[in-house]
Amino acid sequence: MQKLKINGHGHILPEPSEIPKFMREKKLFWIDDDKKFMRQDDWARPITDPSFFFDEKIEWMERHSIDHGVMLNLSQVYCNGWSKQDAFDAIRWQNDFNASVQERRPDKFTSGFVVQPLYMDDALNEIRRCVEDLNMNLLCLPTHFLNKDNEWLSVVDDSTLPLFDLANEYKLAIEIHPYDGEKMVALKDMYWRFHLVWMMAQTADTLHMYALKDFVNKYPDIRTCFAHGCMLGQANYGRRLQGFDGRPDLFTETRDPRASLGHPNLFFDTLVHDSYTLQLLKIRVGSSQIVAGLDDPYPLGEMEGVANSYPGRVIDFAVEVGILEQKESDAIWYDNVLRWLGKTSI
């Protein structure tokens, strides 16, 4: 019998008419009526594939034998630097939209919801609303956020502990995903460097904090997945150990990073673009902690029409060259995703 496939990292856009008027009037986020571009203030990004939208997404999934998709929030609506009211309104709209995707086709979609850590009371109330009223159990968090002093902090920070306390109480799955690198690093935005390099550094930075603060043991009832395989986090593991061992004076009251390596509640997706990076991920954390993630329908995802890419290419090639056994591939596509989500089936 053919094994079921769950894509653990996908995205979906609302139709232009589903975006509230205030979002466009305030230039917070909107989509052109012809669905050619998504926009935010003076930023624009082309909508490169029809599967950004609901009906076309289902067709795309069926064409590629993907049985179920985990739809994450829109990174453009993390709301870093936004006013309290704008963040409240935009996040509530975004989470309502994601909930509607899951409600319309629960057989096809599991949706995540997002909060803004700066506004803690609103964030905690939104977690409760999404879990209790909207039946959502996947909390999406940015790797970093702006605090009240306009400083960038990792989302794994003492100030965010109430978020993780509540997530642990609800036994949520968590997704940690990077964005806003160009606002954090004083470099000219050219050659897509913030997506190709700095987003990977952001994720590695938050994994660094996650391990040192021992969140895997502090919060035993949450299951956290890092986007894009946390590629640089895998590559610089040895350097983090060297620093921890060589300068203990800088790591008082922290946990040895070795303690979280391969932990059963810590997951990473397969969107690492080449099978040899996936091999490093397997060596570091074990295949049981890897979940299939396509980052569709973005061109940095595994999308047909981008060079030799197609959905599942990295996993397929890893099996072909002996990096993964077929049973490991099957688990990455299904069993591991279910364990991360806290589900027994779809």
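Residues numbered from 1 in each chain as written. Predicted model: local features only at pLDDT ≥ 70, side-chain atom pairs only at ≥ 80, totals over all residues. Heavy atoms only, no water.

**Regarding the environment of Ala-87**
Step number 1: Within the fold, Ala-87 resides in helix H3 (residues 84-104).
Step number 2: Remark: the alpha-carbon pair of Ala-87 and Arg-239, spanning 152 residues in sequence, is separated by 37 Å.
Step number 3: Residues within four places of Ala-87 in sequence aside, it is in contact with Cys-79, Trp-82 and Tyr-119. (Helix = DSSP H or I, 4+ residues; strand = E, 2+ residues; numbered from the N terminus. Contact = heavy atoms within 4.5 Å.)

**Details of the sheet that holds strand E6 (residues 109-111)**
Step number 1: Taken in spatial order, the 3 strands line up as E1-E5-E6 in an open sheet, and their pairing is parallel. Each end of this open sheet is capped by a strand with a single partner; those strands are strand E1 (6-10) and E6. Neighbour-to-neighbour, the strand axes of the sheet open up by a mean angle of 20 degrees, direction not taken into account.
Step number 2: Where E1 meets strand E5 (residues 68-71), 3 bridges bridge the pair, whose relative direction is parallel. (Pairing = 2+ DSSP bridges. Axes fitted to C-alpha atoms, helices over the stretch in contact; angles between N-to-C directions.)

**A look at the packing of aromatic side chains**
Step number 1: For the structure shown, the criterion picks out 11 aromatic pairs.
Step number 2: With 5.7 Å between their ring centres and 85 degrees between their planes, Tyr-210 and Phe-226 make a pair best called edge-to-face. Residue Tyr-210 is located in helix H7 (residues 193-212), and its partner Phe-226 is located in strand E12 (residues 223-226); the two are separated by 16 residues in the primary sequence.
Step number 3: Classification of Tyr-210 as buried rests on a relative accessible area of 1%.
Step number 4: Chaining the aromatic ring pairs together yields one cluster made of Phe-164, Tyr-210, Phe-215, Tyr-219, Phe-226 and Phe-268.
Step number 5: Geometry around Trp-333 places Lys-5 over its ring, the cationic atom sitting 4.8 Å from the centre.
Step number 6: The aromatic ring of Phe-53 is capped on one face by Lys-35, whose charged end is 4.4 Å from the ring centroid. (Phe/Tyr/Trp six-rings, centres within 6.5 Å; stacked < 30°, edge-to-face > 60°. Buried < 20%, exposed > 50% of the residue type's maximum accessible area, 1.4 Å probe, protein only. Lys NZ or Arg CZ within 6 Å of the ring centre and 35° of its normal.)

**A closer look at a nonpolar patch on the surface**
Step number 1: Together, Trp-192, Leu-196 and Val-197 make up an exposed nonpolar region whose accessible area comes to about 270 Å².
Step number 2: With respect to the element layout, Trp-192 can be found in the loop between helix H6 (181-184) and H7.
Step number 3: Trp-192 sits in the partly exposed class, given a relative accessible area of 35%. (Patch = residues over 30% accessible without salt bridge, like charges linked within 9 Å, V, L, I, M, F, W, Y side chains within 5 Å. Areas by Shrake-Rupley, 256 points an atom, 1.4 Å probe, with all protein chains shown as cover. Salt bridge = Lys/Arg side-chain N within 4 Å of Asp/Glu carboxyl O.)

**Description of unusual backbone geometry**
Note: most peptide bonds trans; most residues except glycine with negative phi.
Step number 1: Of note, the amide linkage connecting Asp-296 to Pro-297 takes the cis form, showing an omega dihedral of 0 degrees.
Step number 2: In this fold, Pro-297 is placed in the loop between strand E14 (290-291) and helix H12 (313-320).
Step number 3: The residue Lys-27 is not glycine, and still its phi comes out positive at about 60 degrees.
Step number 4: Inspection of the secondary structure puts Lys-27 in the loop between helix H1 (21-25) and strand E2 (30-31).
Step number 5: Even without being a glycine, Cys-79 presents a positive backbone phi close to 70 degrees.
Step number 6: Here Cys-79 is to be found in the loop between E5 and H3.

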